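# Chains, contacts and geometry: an overview
Listed here are the chains, written in short residue letters.
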Amino acid sequence: SGKEKWPRGDESVWKEGLRSVNTDVPSITKSIVNHVQTSLARQAYNLDDLGAYQAAALSVRDDLILNWNDTQIHYTQKTPKRAYYLSLEFLMGRTFDNALLNLGLKDQYREGITKLGFNMEDLLEQERDAALGNGGLGRLAACYLDSSASQELPVWGYGLRYQYGIFQQLISPEGQQLEQPDPWLAGGENPWELPRLDVTYEVRFYGTADRLPGGRALWQGGQEVLAVAYDVMVPGCYTKNTNNLRLWESKPKRGFDLNSFNAGDYEHAVESSNSAAAITSVLYPNDHTTFGKELRLKQQYFWTAASLADIVRRFKNIAKPFSEFPDYVAIQLNDTHPTLAIPELMRILVDEEEIPWGKAWDIVTNTVFYTNHTVLPEALEKWPVPLMEHLLPRHMQIIYDIVTVEKKFPGDRDRLARMSLIEEGFPKQVRMAHLACIGNRKVNGVAELHSELVRTTILKDFVEFEGLSKFSNVTNGITPRRWLDQCNPELSALITKTLKVDKSVWLKDLERLKELLPYAEDAAFRKEWAAIKQRNKERLAHHVETTLGLTVNTNAMFDVQIKRLHEYKRQTLNILGVIHRYLKLKQMSAAERKKVNPRVVFFAGKAAPGYYIAKLTIRLIVNAARIINADPDTRDLLTVYFLPDYSVSLAEVLIPSSDISQHISTAGTEASGTSNMKFCLNGGLLVGTVDGANIEIAEAVGENNVFFFGHLTPAVEDLRYQHMYRPVPVEEKCPALANVLDKISGGMFGDREVYEPLLNTIRQGDFYLLTDDFDSYIGALDMVDKAYLDKEEWIKKSIRTTANMGKFSSDRAILEYAESFWSIEPIKVP
Ligand code: GL2
């Protein structure tokens, strides 16, 4: 504040020693050279691209630390209400480029790096992705961190520092997905984090919980492990505010057991230390599934317990009574994974702070918020009661003690059974979604349709119980910093030039894109727009050429589907559609083929390692691509690529190049989708079902600018019923599809019998309604072809799409959370 006395030494000496962010080229190059010399202990003549990247990254890191430190001090002094985003996944991708752009230092660094004899683009390629997430849910968390910092909101993320992120995907010569570990930290120090070896908490597992008078209990014994903090700096865009993502690593509490070691039992000596370290060793590569793995439950508790201990300690530092906890703290649960935060906070308040049960429950339910991210039944977490009792005996007692529903509906036994936190069966199971839903202040879904489905299906009883006002919607968003400015710099520059404002303005107020609308009528602008798309196609083609050695036809329409492999996302529908197109091309005369619009189809995405059908889909794509791409009759008109090892940085190359992208889930299954937003922001048009955020995108950009197809959500249940009880053979229902299936079964793509299990999911049961939607899907793709013939009109659609995407900025979404849920306010760091 300036009023305090200088704490130690000679003030002027201190002040002289302080440095600020390096903004001019000479001090940037000086700082890089310093890091080469000291941190890396190298010199100009033995420095490769990796070393140069490391030195430049360390230089940027120094700047981030300054801003981060000032931000944390400012928050500590001002004691604003803070929000904490608890997510088991943060799919951050690369940091270097993003940090430079947010700091506004990219040009200066480029110049400095060039002067030092290196190439900026080559250095950017040296960084490994931080891939601590599976898909959309984890990437959403990363976008929300960027928006929180950019909007100057006091928000911290809490997650786990996995030693291994999502596996690396290889494709075998047969087209089989192979998984390899992703030791993303193996390259040495990670410049983007600060190890905080002084910030540690003890976390207990197992043991016994003995009830004491007054509702408290004593939990003791069992295993104790240490949680050690690693802080990841999250810079805001054109602001000093730099927020924190705190990731926990597990460590043994006591190194190893010296007695066993001295007795010659080496194995036993290291056993407990291994089991403690194992907790944060690996990100579970599953998406939309639950499985009663003890280690996964241990991860969840370890992370929520450490995070809550940290949050409570910070709260206690401001010396306020616990009744004011909800005035200073909001905790957002990203899906049910952190639901144990509810009983854990109860345990802290009741057992440790000696707060009466009812008051504690009030505090918890005014502090916690829960976002649901899926209505797929297989993704709703349940934990076996015996496992919970064994691992977390005190929490199980607390869960049993949470009885709220019975009071309101006495005697309504069906309802009570439906709503119970415990599901009957062998074994009994704890329903985490019910616990999350009861122990919080607000529940939300992630797109209008999804939130409606949450209210009317999986949590219907709870709406009747708690009232509609607790349930709401926050449509997802994406950060325009990474998903436009960073991944599509030329388009970003064109927008800045056209809007005639500094890019920091429109990047933080994305509705400004509307001002592009009149330029759709400007032929010169359209020409620039199209040229950028073309160069982005060439950039992708170059990437494919250098990584896979394949040549891509950049004069074709680029058609992209990139996301986790899942039956509900229907990559199978896409590849069957591609084969249908191929068969049609084969039947055409040379003259007819001349009229066809060439198309290149890209797929990328990982399948969960145990997901057999999803892996078969990859295999079919790879082998169909092999045959189709080799056919001289058609290869100028249709080629297909499966790009291995999908990642955030691969998405950054793919998305700006697309003419169309596919978001074709069975209606009612994709909660939101967020890549749909990324494509449209970059002027790619959307082919999709009436599902998730597709609906709101169409509302925003105009239905004439999207290609919708397929049955609507209310029809899905009936159609499934028909498939079950009155099945009609595919040959009758959809001859075009039957023909495609026959060709595959007949061995057109090799592996004659291999695909039968995949094809049978369509022939029998067809849970994801491919036979119902195939004809209208093909119809939509035909519409795409027709529309693409009028190039000028197509570019207009592309411009209008981008111009109308303002709503989908994650800034809008995070401000909705901040205002309507958390009641937190921006706090600018001076
Ligand atoms: C998901 C949804 O499937 C996806 O539609 C949504 O966009 C994201 C973010 O809200 O959440 N739910 C989920 O479990 N995963 C998702 O990607 N993994």
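Residues numbered from 1 in each chain as written. Predicted model: local features only at pLDDT ≥ 70, side-chain atom pairs only at ≥ 80, totals over all residues. Heavy atoms only, no water.

This paragraph deals with the sheet that holds strand 10 (residues 223-235). One open sheet accounts for nine strands, arranged 7-10-11-4-1-12-13-17-18; its pairing is mixed. Only two strands of the sheet have a single partner each, and these edge strands are strand 7 (193-205) and strand 18 (471-473). Strand-to-strand twist of the sheet, defined as the mean angle between neighbouring strand axes without regard to direction, takes the value 25 degrees. In terms of strand pairing, strand 10 meets strand 11 (residues 242-252) through eleven bridges, oriented antiparallel. Paired with V225 across the strands is P252, a residue of strand 11. Contacting strand 1 (82-86), strand 4 (155-160), strand 10, strand 11 and strand 12 (329-334), helix 7 (residues 136-150) runs over the sheet at an angle of about 55 degrees to strand 10. (Pairing = 2+ DSSP bridges. Helix = DSSP H or I, 4+ residues; strand = E, 2+ residues; numbered from the N terminus. Axes fitted to C-alpha atoms, helices over the stretch in contact; angles between N-to-C directions. Contact = heavy atoms within 4.5 Å.)

To continue, consider the domain arrangement of the protein chain. How big an interface is tends to be stated in terms of accessible area lost as the parts join. The domain architecture assigned to the protein chain consists of domain 1 (20-78 + 102-127), domain 2 (79-94 + 129-474) and domain 3 (480-813). Taking only C-alpha atoms, the centre of domain 1 and the centre of domain 3 are 38 Å apart. (Domains from an automatic or database assignment.)

This paragraph deals with the packing of aromatic side chains. According to the stated counting rule, one finds 29 aromatic pairs in the structure shown. Ring centres of Y519 and F525 lie 5.3 Å apart, and the angle between their planes is 45 degrees; on these two criteria the pair is classed as tilted. Here the aromatic cluster, defined as three or more aromatic residues joined through ring pairs, consists of Y85, Y144, F369, Y817, F821 and W822. A cation over an aromatic ring shows up here: R204 above the ring of W219, its NZ or CZ 5.9 Å from the ring centre. Across the ring face of W483, the terminal group of K678 is positioned such that the distance to the ring centre comes to 4.3 Å. (Phe/Tyr/Trp six-rings, centres within 6.5 Å; stacked < 30°, edge-to-face > 60°. Lys NZ or Arg CZ within 6 Å of the ring centre and 35° of its normal.)

Between its first and last C-alpha, helix 3 (residues 49-78) extends 43 Å over 30 residues, near the 44 Å set by a 1.5 Å rise per residue. Note on helix 3: the residue one or two positions beyond its end, T79, has a positive phi of about 40 degrees. (Expected span 1.5 Å × (residues − 1).)

In the region of the ligand, 13 residues are neighbours, and D287, H373, N476, E670 and G673 sit closest. Interatomic distance of 3.3 Å between a side-chain N/O atom of Y568 and an oxygen atom of the ligand. Here the residues of the shell around the ligand are counted per class, giving five nonpolar, six polar and two charged. Mapping the shell around the ligand onto the domain boundaries places at least three of its residues in each of domain 2 (79-94 + 129-474) and domain 3 (480-813). (Near = heavy atom within 4 Å. Polar contact = N/O pair within 3.5 Å; in protein donor to acceptor, adjacent residues only side chain to side chain. Nonpolar A, V, L, I, M, F, W, Y, C, P; charged D, E, K, R; others polar.)

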